[in-house]
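Read off the chains here:
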Amino acid sequence: MLQSNSQKQGGCWEGGESMKRVNGLFEKLITFDNLHGAYKKAFKGSPHSLEAKRFTFFLEGELLKLKEEVVSGRYKTGGFQHYKIFDPKERLISVAPFRDRVLHHAVVKILEPVFEPVFIHDSYATRKGKGTHAAIKRAQAYLRQSCFYLKADIKKHFENMDHDVLLDIVSRKIKDHRLFDLINTIIRGVPWEKGLPIGNLTSQFFANVYLDRLDHYVKEVLRVKRYVRYMDDMVFLHDDVSFLKDVWHQIEDYLKNQLKLELKLGGTYINKRSNGISFLGARIFPNQLRVKPSSLKRGLKKFQEQRAEFESGRLPLANYVSCLTSISGHLDFFNSYRLRCKTGQALNWF
């Protein structure tokens, strides 16, 4: 049986925080090279928007103005543009103004070297050299060594992250008060009392920072050797069902008491290896990877939309080819030769 959180750590586990607090980052943040590099990354993400083009036209002045606002402490977040997507479920996407996105890239560029060495190996979202395919492969490797698995999902992770908890975690790494004040402005500069907007680079980064504390609790207190996390999707693998049941209860308590989050009831369950794992759009078996039908359907729908855009002349050939290559490459990752042939013929790929 696992010991409880309070038995292990006196009620609060703060793993992953053994590094010394870092100072002197603010000056690196506001250098022209860092801001200009951040602009290039932000522009790459939205090269056709009028907002990005206007910023580009007045580039030097805009970067200097942004720097002056940050240095003087006058910087405030702009208004978000909100829209809903249904892929696969309804989500509210909130997009910050372009100048804010430039600053987000600049901040993440400075923070990544501080937090990256602390993240566990098996955290795979929005990290260089990681990604969904690597997470799926790791889960499959662990599945070959295990008889059972616990699949867990956090209920509305982005919407429910507590600002005070997040800033407390950040403060344990960042000693530079000017950088911390800016991070505070970004985190609290949303039209909600809690949560981070889906669609922002800083939200993705801070989501990993937030759940890193859970990762270390799982690895170092609960001693789960086979564990994979991609954002709020988690898989725990073991030969003993009772061990996984204990893990379930422990992480449920930890999320509630320490991170103010909850597990999604319908998305958390224990199952046998032979039934496979549904994880990140894949059906994972010990010796086979299959595409989930719902994921395939969404991918093909997106491609058909892109093809219609291309045939009407609204989508450049390079973008159309990129979409086709992306879908084909994703299918190629799975054991899907027949499926790829059937899909390609249906869509007239060849």
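The paragraphs below set out a description of the structure included in this document.

Let us look at the pattern of salt bridges. Here the structure, examined in full by the defined rule, presents 14 salt bridges. Measuring nitrogen to oxygen at the nearest pair gives 3.8 Å for the salt bridge that ties Lys-260 to Asp-162. Remark: Asp-162 occurs in the loop between helix 8 (157-160) and helix 9 (163-171) and Lys-260 occurs in the loop between helix 12 (241-259) and strand 6 (269-272); sequence separation between them is 98 residues.

With respect to the helices and strands, the residue Leu-64 is situated in helix 5 (residues 59-72). Judged by relative accessible area, which is 43%, Leu-64 ranks as partly exposed. Taking the C-alpha atoms as reference points, Leu-64 and Ile-30, separated by 34 residues in sequence, lie 9.4 Å from one another.

With that settled, the discussion passes to the packing of helix 6 (residues 98-115) against helix 11 (residues 201-221). The interhelical angle for the contact between helix 6 and helix 11, taken along N-to-C directions, is 20 degrees, at an axis separation of 9 Å. Here helix 6 is positioned roughly parallel relative to helix 11, judged by the angle of their axes. Between helix 6 and helix 11 the crossing geometry is left-handed. In this structure, helix 6 uses His-104, His-105, Val-108, Leu-111, Glu-112 and Phe-115 to contact helix 11, whose residues at the interface are Leu-201, Thr-202, Phe-205, Phe-206 and Val-209.

So, about the sheet that holds strand 5 (residues 233-238). Hydrogen bonds between backbone groups are what pair the strands of a sheet, and the pairing can be parallel or antiparallel. Spatial ordering of the open sheet is given by 4-5-3-6, a layout of four strands whose pairing is antiparallel. Single-partner strands in this sheet number two, and they are strand 4 (226-230) and strand 6. Neighbour to neighbour, the strand axes of the sheet diverge by 20 degrees on average, direction disregarded. Note that strand 3 (residues 148-153) and strand 6 share four bridges and pair antiparallel. Paired with Leu-150 across the bridge in strand 6 is Ile-270. Those strands touched by helix 12 are strand 3, strand 5 and strand 6, and its axis lies near 15 degrees from that of strand 3.

Here the focus is unusual backbone geometry. With phi around 45 degrees, Lys-156 is a residue other than glycine that occupies positive phi space. In this fold, Lys-156 is placed in the loop between strand 3 and helix 8. The class for Lys-156 is exposed, based on a relative accessible area of 53%. The residue Arg-223 is not glycine, and still its phi comes out positive at about 60 degrees. Here Arg-223 shows up in the loop between helix 11 and strand 4.

Moving on, we get to the side chain of Asn-160. Here Asn-160 is to be found in helix 8. At 3.2 Å, the side chain of Asn-160 and the backbone oxygen of Lys-155 are in polar contact. Excluding anything up to four places from it in sequence, Asn-160 contacts Lys-155, Lys-194, Gly-195, Lys-260 and Leu-261.

The subject of this paragraph is the sheet that holds strand 7 (residues 277-279). The sheet built from three strands is open, its strands ordered 7-8-9 with antiparallel pairing. On the outer flanks of this sheet lie strand 7 and strand 9 (288-291), each paired with one strand and no other. With direction set aside, neighbouring strand axes in the sheet form an average angle of 25 degrees. Relative to strand 8 (residues 282-285), strand 7 runs antiparallel, the two sharing three bridges.

Below, the discussion takes up the pairing of strand 8. For a regular strand, side chains alternate in direction, first toward one face of the sheet and then toward the other. What sits between strand 7 and strand 8 in their antiparallel hairpin is a turn of two residues, with Leu-280 showing a positive phi close to 55 degrees. Sheet topology places strand 8 next to strand 9; four bridges connect them, and they run antiparallel. Along strand 9, the bridge assignment pairs Ala-282 with Val-291. In this antiparallel pair of consecutive strands, strand 8 and strand 9, the connection spans two residues.

Mapped onto the secondary structure, Ser-146 falls in the loop between helix 7 (132-144) and strand 3. Relative accessible area serves as the criterion here: at 0%, Ser-146 is assigned to the buried category. There is a polar contact of 3.0 Å between the side chain of Ser-146 and the side chain of Arg-226. Residues within four places of Ser-146 in sequence aside, it is in contact with Arg-226, Leu-237, His-238, Asp-239 and Arg-273.

Okay, the layout of surface pockets next. The calculated volume of the second largest pocket comes to roughly 690 Å³. Contributing to the lining of the second largest pocket are 22 residues, with Lys-41, His-105, Val-108, Leu-201 and Gln-204 lying nearest its centre. Taken together, the elements giving at least two residues each to the lining of the second largest pocket come down to helix 3 (32-45), helix 6 and helix 11. Residue composition of the lining of the second largest pocket, grouped by class: six nonpolar, eight polar and eight charged.

Cut-offs used in this document
- Residues numbered from 1 in each chain as written.
- Predicted model: local features only at pLDDT ≥ 70, side-chain atom pairs only at ≥ 80, totals over all residues.
- Heavy atoms only, no water.
- Salt bridge = Lys/Arg side-chain N within 4 Å of Asp/Glu carboxyl O.
- Helix = DSSP H or I, 4+ residues; strand = E, 2+ residues; numbered from the N terminus.
- Buried < 20%, exposed > 50% of the residue type's maximum accessible area, 1.4 Å probe, protein only.
- Axes fitted to C-alpha atoms, helices over the stretch in contact; angles between N-to-C directions.
- Parallel < 35°, antiparallel > 145°, perpendicular 65-115°, else oblique.
- Left-handed = near helix turned anticlockwise from the far one by under 90°.
- Contact = heavy atoms within 4.5 Å.
- Pairing = 2+ DSSP bridges.
- Polar contact = N/O pair within 3.5 Å; in protein donor to acceptor, adjacent residues only side chain to side chain.
- 1 Å grid on protein atoms, 1.4 Å probe; cavity = no way out; pocket = protein on both sides within 12 Å on 5 of 7 lines; lining within 4 Å.
- Points joined across faces, edges and corners; volume = space filled by probe spheres on them.
- Nonpolar A, V, L, I, M, F, W, Y, C, P; charged D, E, K, R; others polar.

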